[in-house]
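What follows is the residue order along each chain.
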Amino acid sequence: MPLLENGQIKDDTWLLVQDGDAVPAGDVLLPLSRLAEGFARNTEGRIGVVLAPDEAVDALRGVLDRLEAVQLTLPIFRDGRAFTQARALREHLKFDGSIRVGGHVLPDQYEFLLRCGVTDILVPEGTDVSVWERAHKAFTVAYQPSVQNEAPEGFALRRRLFS
C-alpha cells in the first residue's frame, strides 16, 4: 500500500513481517512479540514495530530509541485507540520517529490523526490525494492543543464572537 505523507503519495519501503515469517534484511516492521528477534537478526536495515490496538505503548518504553517507525491500526473507523496510542507516543514517551496508521482510516480523520502525531497514512492504491487534502484543510480552528505545538485558537475566537 502507498503512504500519504505531507499531502503526497509515496512508496512504502518497509517490509511487513508476519508471525512465522523469517526476518529479512532491510527496513522491517515487526509485531511487538517479535521485536527482540528483529533487533538480533536484522543488522542491515531500520526496525519498526506494528502495535495492535490492544497493546500498550508503554511496552515500547525501553526500545523506542532503537525504533524508526511505529505502525498503528484502526480496525474500524470508530475505534479511537490509535489516536490515543499516537498521542502517548509523542507526548509521554517523546518518540520522534515515524508514526504510521493503517486499517480503516477515513479522510475525515486525517487532520485529527496529524494533530495526534501521526506522520503517514496507509492508503489504498489509486487514492485521490485531493480528498485527503480537503479533509485536512476543512478545520481551521482547534479548541484543544495538539502535539504540533500550535496554540489553540478556538477559545480566543469564541471570546471575540460571543463577548
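The rules we used
- Residues numbered from 1 in each chain as written.
- Predicted model: local features only at pLDDT ≥ 70, side-chain atom pairs only at ≥ 80, totals over all residues.
- Heavy atoms only, no water.
- Helix = DSSP H or I, 4+ residues; strand = E, 2+ residues; numbered from the N terminus.
- Buried < 20%, exposed > 50% of the residue type's maximum accessible area, 1.4 Å probe, protein only.
- Contact = heavy atoms within 4.5 Å.
- Areas by Shrake-Rupley, 256 points an atom, 1.4 Å probe, with all protein chains shown as cover.
- Polar contact = N/O pair within 3.5 Å; in protein donor to acceptor, adjacent residues only side chain to side chain.
- Expected span 1.5 Å × (residues − 1).
- Pairing = 2+ DSSP bridges.
- Right-handed = clockwise from strand over helix to strand, strands pointing away.

Q: Account for the overall build of the chain, naming residues and giving values.
A: Each helix and strand in the chain was counted, giving five helices and eight strands. Helices (α) and strands (β) of the chain occur, in sequence order from the N terminus, as β-β-β-β-α-β-β-α-β-α-β-α-α. Buried residues in the chain amount to 42% of all 163 residues. A separation threshold of at least 6 residues defines the contact pool for the chain, and within that pool the share at least 24 residues apart is 49%. Surface summary for the chain: the accessible area is close to 9300 Å², and the carbon and sulfur share equals 52%.

Q: Before we move on, could you go through the side chain of Asp-79 and cite the residues and values that matter?
A: Looking at the secondary structure, you find Asp-79 in the loop between β6 (69-74) and α2 (81-92). Taking relative accessible area as the criterion, Asp-79 reaches 12% and is therefore assigned buried. A polar atom in the side chain of Asp-79 sits 2.6 Å from the side chain of Arg-81.

Q: Describe α2, listing the residues and the values that go with them.
A: Within an α-helix, residues lying three or four positions from one another point in the same direction, as the helix has 3.6 residues per turn. For α2, which comprises 12 residues, the first-to-last C-alpha distance of 15 Å matches the rise-based estimate of 16 Å (1.5 Å per residue) to within 8%. Looking one or two places after α2, you find Lys-94, whose phi comes out positive at around 60°.

Q: Could you give an account of the pairing of strand β7 (residues 98-103), naming the residues involved and the relevant values?
A: Counting buried residues in β7 gives five out of six residues, a clear majority hidden from the surface. Sheet topology places β6 next to β7; six bridges connect them, and they run parallel. Considered in β7, the bridge of Thr-73 is made with Gly-102. Handedness of the β-α-β unit built from β6, α2 and β7 comes out right-handed. The sheet contact formed by β7 and strand β8 (residues 120-122) spans two bridges and is parallel. The residue bridging Arg-100 from the neighbouring strand is Asp-120, located in β8. Crossover β7 to β8 through helix α3 (residues 110-115) is right-handed.

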